[in-house]
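In case you want the letters, here they are:
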Amino acid sequence: MFGRPPTATATATTTTTRLVYCWGAKLIKNSHVHPIGRTQFVRLKSAVSAVASELRRPPPYYLPGLVASDEDEDIICAHKNSGNGVGNALGQSDTCKVVEILNSLREEPCHALSFFDQLKEQGFVHNVSTYMAIIRILCYWGMDMRLDSILLGVIKSNDKHLGFKVSDLFEALIEWIEAKGPESLIRAFDALVKAYVSIGNFDEAIDTLFQTKRRGLIPNIMTCNFLLNCLIESRKNDTAVAVFRQFKRLGLSPNDYSYCIVIKALCRKGSLEEAADIFQEMEEAGLTPNAFTYTTYIEGLCLQARSDLGYEVLKAWREQNIPIDVFTYFVVIRGFVNESKLKEAECVLLDMDEHGVVPDAYCYGSLIRGYCKIGHILKALALHNEMATKCIKTNCVIVGVILQCLCQMGMADEAVDQFNNFKELRIFLDEVAYNIVVNALCKLGKLEAAVGLLDEMKSKKMSLDVVHYTTLIGGYCLQGKLLDALKLFEEIREKGLKPDIVTYNVLALGLSRNGLAQEALNLLDYMEGQGLKASVVTHKMIIEGLCTGGKVKEAEIFFNGLEEKNLGHCDAMVNGYCEAGNTREAYELFIKLPKQGFSLSRSSCLKLLSNLCIEGENDKALALFEAVLASDDAPCKIMYSKLMAAFCSSGDMRKAQWVFDTMVRTGITPDVINYTMMINGYCRVNCLREACEVLKDMKGRGIEPDVITYTVLIDGHSKEKMKKDRCLPNAKGSKGEQNEVATLWSEMKEIEQKPDVISYTVLIDCHCKSDNLEDAAVLFDEMIDRGLEPDNVTYTALLRGYCRQGYADRAVTLLNDMISRGIQPDSHTMSALHHGILQAKKVQFCH
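Residues numbered from 1 in each chain as written. Predicted model: local features only at pLDDT ≥ 70, side-chain atom pairs only at ≥ 80, totals over all residues. Heavy atoms only, no water.

Participant: How should the packing of aromatic side chains be read in this particular structure?
Facilitator: How two aromatic rings sit relative to each other is set out by the distance from centre to centre and by the angle between their planes. Taken as a whole and judged by the stated rule, the model has 24 aromatic pairs. Ring plane angle 85° and centroid distance 6.2 Å describe the contact between Tyr311 and Phe336, whose orientation is recorded as edge-to-face. Here Tyr311 is found in helix α18 (residues 307–319), whereas its partner Phe336 is found in helix α19 (residues 326–338), with 25 residues between them in sequence. With centroids separated by 6.2 Å and ring planes inclined at 65°, the aromatic side chains of Phe330 and Tyr362 adopt a geometry described as edge-to-face. Here Phe330, found in helix α19, pairs with Tyr362, found in helix α21 (residues 361–373); they are 32 residues apart in sequence, far enough to count as distant. For Phe330, a relative accessible area of 11% puts it in the buried group. (Phe/Tyr/Trp six-rings, centres within 6.5 Å; stacked < 30°, edge-to-face > 60°. Helix = DSSP H or I, 4+ residues; strand = E, 2+ residues; numbered from the N terminus. Buried < 20%, exposed > 50% of the residue type's maximum accessible area, 1.4 Å probe, protein only.)

This is the structure:
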């Protein structure tokens, strides 16, 4: 075309011309997006002509309308793909021409931006001048998002790729503003700060703002607020407060949102008093806090576990007619829930009603979540029904929490029923809710229903992911349907979904539990071949699964074959031994581990201790307990309770008392169950005085005895009387013991501990053994009047009492009543009646 290869200079200038032409061609081609007017078209053509003229080369005759030829494109691509690049070949005069063209497009910002971007895409390296040109245009037209994008690109590029330093651009902006006034480019500094903040470069952002202020420019307060807020979200609360104080010292005037942000920072760092002082600063600055500012302070109190104080502040501000909205109440409710103070949270809900504030789904949802967390599902459902009566629309999050709670409480059937009720009420149910119920159906063994639910999701165009399929795979494994599980596993891959580590873990567990040890190991190899590294959880599932499936030896081989063992592996082996009933092997492994540098986790220790106690290995359980006690991981309360129960059951009250005292000494407060356990233990070994001392200590700590506690003591006094009766056959029970029983019974009723069937039975038996049949009969009738149904033991106790006194006819009548109520007599009942009839015959024969 040119007769000879162009020189380096010619190549550079030709390339610039081609870039201009090609940009014009693309602009015309896309004119339906950015239509070009005649004036603009003439200007572009003139600009291209000017470039060509300066390069001593007229525009090609085939480009009258700025249409580039294939040859031009080839030249551009050749330069673009060359080692040096187009940008490196262009000279300063070409850059000036680009700036000139950008300036000529000032009235057409979209076209100017398109031209700027096309040059960059073709390899042209923009410098400070070209960036300043496009920045001026974008600032003039208020195209903030485009400006943010360009400056973010500058920040992300390093100086080497840019060809200039960001500081050079900063200085150029300052010089322009000093010449033209701050209104011209102050927005560019805001964009620069936002760019630094968006990539987490807070130091540069802060420095840019301070430099701007030192150069006499006032930063935009919204930009300052953006920086402060991002600092807080990045948990740099101290920095945020320090920057805010520095802004004020430099003369910047914060607005109400600035103060609100600082209150949030101070609250999050626990400086509650300093946060309260901010309100006075706002007043001095002539600013009035808005509802959001007040809520921010209350939320800060709640985040510091001071929801009680937050609620008091809310009520105080409400009395001063300060605007308090529903979100403020929600913040307090959520705070109480997070502190497990559900009664207080519910009081806030009632308080809202009294003051005409309608609670929303978030208020109810938070409280429902709190009750579900402690397993109080009836209360959670009652609150959900209350929402419906108040026409407050529920949401899938609340529904999911309720369904999950039901499943965790072992109420899978109820979860399915509740799910169906929600569907009938046309409540929106998301993929999470469906997955919860699919899991519930799998646990119930209703796999067809679970598959049907997934089909229903597909029909509703809901997105099924790996989690849903994994849940169903787990269901198949639980039912031993491994072929179906493997088939579904293949289906996941066919659908283009990638099984994750959880999917492999579930499948490995299923194979292991069903005795397919080798298949589980093969799956492990396959998983690693897919680029997923087996986790400790995977190894644990295989070990425990093999043990549960009766493959203890295979589990031992797998455990011993692990190259790097850790605490999780050791826990799994001990748990596996315990599941398989190999408690002795589990204890032996526990003894060996410290020599290998390992120690069991507290949960595994609890499992082993439980097994030892069940099998009567109390001394080994005590040795394990003492080892845990000497470690950094102190025993949990359940561990104390199980060991205490084991010693009480075996009658070793000395060791039981030592465990009890150790628990108190370590700062764990015994509950009513622990105290009742000790009282029962002392009563069983006929140490009634010690049992009464325990009761005294219990009351002294402010722990109220329950029905079981009183029942145990009444039974203890009854047995003490029987022992004395055996020693002194002709002596009647002492009035002191009889009075003690009466006192305990009265005390139980005074504190509104309603006696149950067992309590009545124990006291009836006590009266019968004291030959006090009239009181026994009165208690029996009272029990029935209260709606309690006497059981076999109750009838037998009263029947035995009648027989002892020779009232065989009453005993027979009682037996008939017992049978008429559908209660079948057992061998003890019939033996007592038979003995009573014989005694009556003897008395009759003697007479």
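Participant: Hey, could you run me through α21 in this one?
Facilitator: A turn of α-helix holds 3.6 residues, and therefore any two residues three or four places apart point the same way. Its 13 residues place the ends of α21 18 Å apart at the C-alpha level, agreeing with the 18 Å of an ideal helix rising 1.5 Å per residue. Where burial is concerned, most of α21 is hidden: ten out of the 13 residues are buried. If you check which residues of α21 are buried, you get Ala361, Cys363, Tyr364, Gly365, Ser366, Leu367, Ile368, Gly370, Tyr371 and Cys372. Tucked inside the fold, the buried residues of α21 contact α19, α20 (342–354), α22 (377–389) and α23 (396–408). Near the N-terminus of α21, the side chain that reaches the backbone nitrogen of Tyr362, with its oxygen 3.2 Å away, is that of Asp360. Gly375 sits one or two positions beyond α21 and adopts a positive phi of about 80°. (Expected span 1.5 Å × (residues − 1). Contact = heavy atoms within 4.5 Å. Polar contact = N/O pair within 3.5 Å; in protein donor to acceptor, adjacent residues only side chain to side chain.)

Participant: Hey, could you run me through the side chain of Thr711 in this one?
Facilitator: With respect to the element layout, Thr711 can be found in helix α41 (residues 707–727). Not counting the four nearest positions on each side in its chain, Thr711 is found in contact with Ile758, Ser759 and Val762.

Participant: How should the nonpolar core be read in this particular structure?
Facilitator: Nonpolar side chains tend to gather and get buried jointly when the protein is soluble and globular. Membership of the largest hydrophobic core comes to 252 residues, with the highest contact counts inside it found for Ile135, Leu227 and Leu608. Leu227 has contacts with Val197, Phe202, Ala205, Ile206, Leu209, Val243 and Phe247, leaving out every residue within four places of it along the chain. (Core = buried A, V, L, I, M, F, W, Y, C linked by side-chain atoms within 4.5 Å.)

Participant: So what exactly am I meant to see when it comes to the packing of α22 against α23 here?
Facilitator: Axis angle and axis distance: for two packed helices, these are the angle between their axes and the distance between the axes, and together they describe the pair. Between α22 and α23, the least distance of the axes is 10 Å, while the angle of their chain directions is 155°. Taken together, the axes of α22 and α23 are roughly antiparallel relative to one another. In terms of crossing hand, the pair formed by α22 and α23 is left-handed. On the side of α22, the interface is formed by Ile377, Leu381, His384 and Met387, while α23 contributes Ile398, Val399, Ile402, Cys405 and Leu406. In terms of residue class, the contact of α22 with α23 is built from eight nonpolar, one polar and no charged. (Axes fitted to C-alpha atoms, helices over the stretch in contact; angles between N-to-C directions. Parallel < 35°, antiparallel > 145°, perpendicular 65-115°, else oblique. Left-handed = near helix turned anticlockwise from the far one by under 90°. Nonpolar A, V, L, I, M, F, W, Y, C, P; charged D, E, K, R; others polar.)

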